[in-house]
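Working through the structure, step by step
What follows is each chain in one-letter form.
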Amino acid sequence: MNLYLRYFDRETLVPTVDEAIAFLRSIDEVGMNPVLEADIREYVASDVFYPKRYKVRTRVYFIIIKTEASTMQDFKEKKAVHAAAATPSGKQASPVLMRLNEERAGWYEGLIDFKRVLLVPGTGKFQYRDTQFVARVKAKSGMDCYNRIVDHLRERVDERSQFPSAKGKNFKFRYLGRAK
């Protein structure tokens, strides 16, 4: 996998994160620092394929794109676009949806951040509070884990509480192992 970087009219296609950082260091306005370098390394190591932009100053950014293109010409002609797996309907599925719906029976640990409705004792009024709930459940997939956690919470919290989408950043899960 290669990295395409662009800052205004300066652009490059490099095979390693070290070359990408060297390119950014050559641009004085970017102001490369250890925090930015660590974030770029983390982005490149992750399985995220959407472009990432970094703010240099107000309304000025540089962009990094992961690509399978081996040359700048291939990249410009979009010959090596990263393709997510196709769904039965022919549309592209995102990596998050693929991981969420992957059938893998066993134990899961799910973490959900939701808005819980609580009574304020002094006033007798209700308010939303950000609440984090973690549970280990036996499930078939990440989506099944989410559904089991939300079903459990719906029975135990005020019905006005708000639960996030399983596809969003407020639900995380990890596979712990096969059920015995």
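Look up a bit, the structure's there.
Read on for an overview of the structure.

**Section: the side chain of Asn2**
With respect to the helices, strands and loops of the structure, Asn2 is situated in strand 1 (residues 2-7). Engagement of the side chain of Asn2 in a polar contact is seen with the backbone oxygen of Ala69, the distance being 2.6 Å. Asn2 has contacts with Leu13, Val14, Pro15, Ile65, Lys66, Thr67, Ala69 and Ser70, leaving out every residue within four places of it along the chain.

**Points about the packing of aromatic side chains**
Within the structure shown, the criterion is met by 8 aromatic pairs. Between the aromatic rings of Tyr4 and Phe75, the centroid separation amounts to 4.2 Å while the plane-to-plane angle is 25°, which identifies the pairing as stacked. Of this pair, Tyr4 sits in strand 1 while Phe75 sits in helix 3 (residues 72-76); the two residues are 71 residues apart in sequence, bridging distant segments of the chain. Each member of the pair, Tyr4 as well as Phe75, carries the same accessibility label: buried. Between Tyr146 and Phe171 the ring centres are 5.1 Å apart and the planes differ by 75°, which places this aromatic pair in the edge-to-face class. Linking Tyr146 in helix 5 (residues 142-154) with Phe171 in strand 7 (residues 171-177), this pair joins segments that are 25 residues apart in sequence.

**Details of the sheet that holds strand 4 (residues 60-67)**
Strand order across the open sheet formed by 4 strands is 2-1-4-3, with antiparallel pairing between neighbours. Because the sheet does not close on itself, it has two edges, and the strands there are strand 2 (10-14) and strand 3 (52-57). Neighbour-to-neighbour, the strand axes of this sheet turn through a mean angle of 15°, independent of strand direction. Both strand 1 and strand 4 contribute to a ladder of 5 bridges, which runs antiparallel. Each residue of the ladder has a partner; that of Arg6, found in strand 4, is Ile63. Its contacts with the sheet place helix 2 (residues 34-45) against strand 1, strand 3 and strand 4, and it is angled at close to 30° to strand 4.

**Some details on the nonpolar core**
Of all hydrophobic cores here, the largest spans 20 residues; its most connected members are Leu5, Leu24, Ile40, Phe62 and Ile64. With 5 residues, helix 1 (residues 17-25) is the single largest residue contributor to this core. Aside from chain neighbours lying at most four places away, what touches Ile40 is Val17, Leu24, Met32, Tyr54, Phe62 and Ile64. Core analysis: the second largest hydrophobic core is formed by 17 residues, Leu100, Ala139, Phe163 and Ala166 among them.

**With respect to unusual backbone geometry**
Across residues other than glycine, the phi torsion is negative in most instances, and most of the peptide bonds are trans. Positive phi outside glycine occurs at Phe8, with the angle close to 55°. Looking at the secondary structure, you find Phe8 in the loop between strand 1 and strand 2. Within the chain, Arg59 stands out as a residue other than glycine whose phi angle is a positive 60°. The topology assignment puts Arg59 in the loop between strand 3 and strand 4.

**Regarding the packing of helix 1 against helix 2**
Contact geometry for helix 1 and helix 2: axes closest at 10 Å, N-to-C directions at 145°. In this structure, helix 1 meets helix 2 at a crossing whose hand is right-handed. Contacts between helix 1 and helix 2 involve Val17, Asp18, Ile21, Leu24 and Arg25 from the former and Glu37, Ile40, Arg41 and Val44 from the latter. Tallied by class, residues from the contact of helix 1 with helix 2 come to 5 nonpolar, no polar and 4 charged.

**Things to note about the pattern of salt bridges**
Side chains bearing opposite charge may pair, as long as their charged atoms lie close to each other. Under the definition given, this model contains 11 salt bridges. With a shortest N-O distance of 3.6 Å, Asp39 and Lys52 are connected by a salt bridge. One end of the pair, Asp39, is in helix 2; the other, Lys52, is in strand 3, with 13 residues separating them in the sequence. Owing to a relative accessible area of 25%, Lys52 belongs among the partly exposed residues under this scheme.

Criteria and cut-off values
- Residues numbered from 1 in each chain as written.
- Predicted model: local features only at pLDDT ≥ 70, side-chain atom pairs only at ≥ 80, totals over all residues.
- Heavy atoms only, no water.
- Helix = DSSP H or I, 4+ residues; strand = E, 2+ residues; numbered from the N terminus.
- Polar contact = N/O pair within 3.5 Å; in protein donor to acceptor, adjacent residues only side chain to side chain.
- Contact = heavy atoms within 4.5 Å.
- Phe/Tyr/Trp six-rings, centres within 6.5 Å; stacked < 30°, edge-to-face > 60°.
- Buried < 20%, exposed > 50% of the residue type's maximum accessible area, 1.4 Å probe, protein only.
- Pairing = 2+ DSSP bridges.
- Axes fitted to C-alpha atoms, helices over the stretch in contact; angles between N-to-C directions.
- Core = buried A, V, L, I, M, F, W, Y, C linked by side-chain atoms within 4.5 Å.
- Left-handed = near helix turned anticlockwise from the far one by under 90°.
- Nonpolar A, V, L, I, M, F, W, Y, C, P; charged D, E, K, R; others polar.
- Salt bridge = Lys/Arg side-chain N within 4 Å of Asp/Glu carboxyl O.

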